[in-house]
Amino acid sequence: MKPPPFDYHAPRSLGEALDALAEAGEHGKVLAGGQSLIPMLNMRLAAPAHLVDINRLSELATLDVGPDGVRVGALARHAQVERSERVAAVQPLLREALRLVAHPVIRNRGTVVGSLAHADPAAELPAVLALLGGSVRLARPGVTRDVPAADFFVGPLESAVESGELAVSAFFPALLPRSGTAFREVARRHGDYALAGIAALVRLDDDLRITSATVACVSVGPVPVVVDVTAACGHRPPATADWASAAWAVQDRVDPETDIHATADYRRHLTGVLAEQALRDAAREATGA
Amino acid sequence: MHEITLTVNGMIRQVEVPGRRLLSDCLRHDLGLTGTHVGCEHGVCGCCTVLLDGEPVRSCLTFAVTVDGHDITTVEGLAARDGTMSPVQRAFGECHGLQCGFCTPGFLCTVTALLRENPAPTEQEVLEGISGNLCRCTGYQNIIKSVHRAAEIMAEERRADADSEQPGEEIV
Ligand SMILES: Cc1cc2nc3c(=O)[nH]c(=O)nc-3n(C[C@H](O)[C@H](O)[C@H](O)COP(=O)(O)OP(=O)(O)OC[C@H]3O[C@@H](n4cnc5c(N)ncnc54)[C@H](O)[C@@H]3O)c2cc1C
Ligand code: FES
Ligand code: FES
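Residues numbered from 1 in each chain as written. Chains lettered and ligands numbered in written order. Predicted model: local features only at pLDDT ≥ 70, side-chain atom pairs only at ≥ 80, totals over all residues. Heavy atoms only, no water.

Novice: Lay out the overall build of chain A with the relevant residues and their values.
Specialist: For chain A, the helix and strand inventory stands at twelve helices and 14 strands. In terms of overall dimensions, chain A is globule-like: its C-alpha atoms have a radius of gyration of 19 Å, near the 19 Å expected for 289 residues. With the C-alpha coordinates of chain A rotated into their principal frame, the extents come out at 60 × 45 × 30 Å. Counting over 289 residues, chain A shows a buried share of 58%. Residue pairs in contact within chain A that sit at least 24 positions apart in sequence constitute 62% of those at least 6 positions apart. When the accessible surface of chain A is split by element, carbon and sulfur atoms take 51% of a total near 11900 Å². Once the 28 positive and 34 negative side-chain charges of chain A are each reduced to a mean point, those two points are 5 Å apart. (Helix = DSSP H or I, 4+ residues; strand = E, 2+ residues; numbered from the N terminus. Rg over C-alpha atoms; globule rule 2.2 N^0.38 Å. Buried < 20%, exposed > 50% of the residue type's maximum accessible area, 1.4 Å probe, protein only. Contact = heavy atoms within 4.5 Å. Areas by Shrake-Rupley, 256 points an atom, 1.4 Å probe, with all protein chains shown as cover. Lys, Arg positive; Asp, Glu negative; His and termini not counted. Charge placed at Lys NZ, Arg CZ, Asp CG, Glu CD.)

Structure follows, in structure tokens:
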């Protein structure tokens, strides 16, 4: 239960970090909050030859909040983003989801961008990014690219980050007027990874009828599963929308697996129940917004 | 090997550690501070929790080199310099918030930070605050009592301090 040996790099600037990662190539790994990587090292599930520690790069501990959304720097910790009133005002789903991520003590170290790069299909933040249609900014010396959420999550624990690249920030679009979001999940204990979870986004038109309804599902596929249920809900006010059909549509689209925590059937059932609850919550919020 | 400097419980300590040395092992093996306990080494049990620049973190999920130059408080540093137990420590004693004591260092550090940030937590906030710490003995009820009692002791002490600082002044 001790990490295997590695060469430790402690860059003092973004440029130094990118150079160190480029040089290490496929043998290098980024160390951010360490709340997923260090357990994997301790359990010897990973053995990178080089670790590039970005914890000294205070230039990446940023939160840029604007009218169109929130750009979260690679060293912004979960707790910092969760506490920010400005973030909550522009995109309330971030705080709601972060409160379900692990425990407060883990959130003091873990980073939002690290959670995205880690790409755990049971994690909340990848689902949030996928639902909102956000993006992740990746850098290597002299080159920067933005990868949309739809292309970022490739498989379980696999993201579009290539060897030698650093994810420098992630962008979460703002909540538009007459829109609402919600996050619902079921976990064995508060703070555990969810058995199933749903992030929902509902938009209404000027007559307060549903114009779009989407969910992103957690823990029921190799990556967050985004399902558009606008047609199933119907172009109706939330009070008469067909939430049950929407929930069925979501259940039909997911393909969960059985593991020691839950059977596939139970996860599918939870996904339907949570989808209906989250969509109703999101619609209620949209009506008030 | 890396030469690092940590301020541990107010004392400046220099140690040489390999990159892979966990902060928990650095405290226990290199610095002899065995009050910090190690249970699971993957972030689940919470008994290795220490304060890093005042914030609770898992020392088993932190490399010692990463926190070079930072301030660490372990359970050994919670009591006052003259040995008087801190309000949180006294409350745990009073309310039987521990049995075997294995989990206690982690709870004490977590609760110390919790009450600093939120001096009068609700029941729900206490539950949320300690939800990341496991205890195999107490069944948690006495730990929850201890947290509320610690909040009370701290409030009493603040009142006593305020009274002694302003002798004769009237409270408006
Ligand atoms: C007990 C426990 C419970 C948890 N429960 C949950 C939970 O319920 N939900 C949840 O979502 N998470 C949970 N987590 C994980 C936690 O949220 C992590 O903080 C997060 O997944 C990873 O962030 P990190 O900054 O710690 O990344 P690290 O652990 O440092 O890195 C994780 C991976 O991402 C890579 N990486 C990190 N940052 C970058 C970057 N900027 N560029 C490129 N690659 C990068 C690393 O190389 C590594 O492969 C839990 C963790 C623990 C220990
Ligand atoms: S030993 Fe660190 S959380 Fe269990
Ligand atoms: S007192 Fe024994 S584990 Fe908590």
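Here the narrative resumes, following the displayed structure.
Novice: Residue-level account of the site of ligand 1, with values.
Specialist: Taken together, 33 residues lie near ligand 1, and V30, Q35, L37, T111 and E124 of chain A sit nearest. In this structure, ligand 1 is bordered by residues of chains A and B. In the model, an oxygen atom of ligand 1 is placed 2.8 Å from a nitrogen or oxygen of the S36 of chain A side chain. Interatomic distance of 3.1 Å between a side-chain N/O atom of H78 of chain A and an oxygen atom of ligand 1. Of all the secondary structure elements, the ones that give two or more residues to the shell around ligand 1 are strand 2 (28-31), helix 7 (112-118) and strand 10 (166-173) of chain A. (Near = heavy atom within 4 Å. Polar contact = N/O pair within 3.5 Å; in protein donor to acceptor, adjacent residues only side chain to side chain.)

Novice: Account for the pattern of salt bridges, naming residues and giving values.
Specialist: Close approach of charged atoms allows side chains with opposite charge to pair. The tally for this structure, following the rule as stated, stands at 24 salt bridges over all chains. Its salt-bridge partner being K2 of chain A, residue D25 of chain B comes within 2.7 Å of it at the nearest N-O pair. Remark: K2 of chain A occurs in the segment before strand 1 (7-9) and D25 of chain B occurs in helix 1 (residues 23-30); the pair is interchain, linking two chains. Here D25 of chain B falls in the buried class, since its relative accessible area comes to 6%. E157 of chain B is the salt-bridge partner of R90 of chain B, the closest N and O atoms lying 3.0 Å from each other. Within this pair, whereas R90 of chain B is found in helix 2 (residues 87-94), its partner E157 of chain B is found in helix 5 (residues 141-165), the two being separated by 67 residues in sequence. Overall, E157 of chain B belongs to the partly exposed group, its relative accessible area being 33%. Sharing partners across several salt bridges, the network here consists of E82, R99 and R107 of chain A together with E128 of chain B. (Salt bridge = Lys/Arg side-chain N within 4 Å of Asp/Glu carboxyl O.)

Novice: With reference to specific residues and values, describe the pairing of strand 7 (residues 143-148) of chain A.
Specialist: Residue and element names in this part refer to chain A. For strand 6 (residues 135-140) and strand 7, the ladder comprises six bridges, and the chain directions are antiparallel. Opposite S135, over in strand 7, you have P148 as the bridge partner. Hairpin geometry of strand 6 and strand 7 is characterised by an intervening segment of two residues between the two adjacent antiparallel strands and by a positive phi of about 80 degrees at G142. (Pairing = 2+ DSSP bridges.)

Novice: Let's hear about the state of the cysteines: which residues, and what values?
Specialist: Residues and elements named next belong to chain B. Counted according to the given criterion, the structure contains zero disulfides over all chains. Free cysteine C26: the closest other cysteine sulfur is in C48, separated by 14 Å. Given the relative accessible area of 3%, C48 is considered buried. (Disulfide = S-S within 2.5 Å.)

Novice: Kindly report on the UniProt feature "domain: FAD-binding PCMH-type" (unreviewed entry) in chain A, identifying the contributing residues and their values.
Specialist: Within the UniProt annotation, "domain: FAD-binding PCMH-type" (unreviewed entry) is assigned to residues 1-177 of chain A. Secondary structure across residues 1-177 of chain A comprises 34% helix and 25% strand; the distance between its end C-alpha atoms is 50 Å. (UniProt positions renumbered as here; feature names shortened; annotations may be inferred.)

Novice: Can you tell me about helix 5 of chain B, naming the residues and giving the values?
Specialist: All names here are of chain B. If you check helix 5, its first and last C-alpha atoms are 36 Å apart, about what 25 residues at 1.5 Å a residue would give, namely 36 Å. Along helix 5, the residues that are buried comprise I143, I144, S146, V147, R149, A150, A151, I153 and M154. Structurally, helix 5 contributes buried residues whose contacts are with helix 2, helix 3 (104-117) and helix 4 (123-130). (Expected span 1.5 Å × (residues − 1).)

Novice: How would you explain the sheet that holds strand 2 of chain A if you had to name every residue and give the values?
Specialist: Whether parallel or antiparallel, the strands of a sheet pair through hydrogen bonds between backbone atoms. All names here are of chain A. Taken in spatial order, the three strands line up as 1-3-2 in an open sheet, and their pairing is parallel. With partners counted over all chains shown, the strands left at the sheet margins are strand 1 and strand 2, one partner each. Put simply, the sheet's adjacent strands are angled 25 degrees from each other on average, direction ignored. Lying on the sheet, helix 1 (residues 14-24) is in contact with strand 2 and strand 3 (50-53); it crosses strand 3 at an angle near 165 degrees. (Axes fitted to C-alpha atoms, helices over the stretch in contact; angles between N-to-C directions.)

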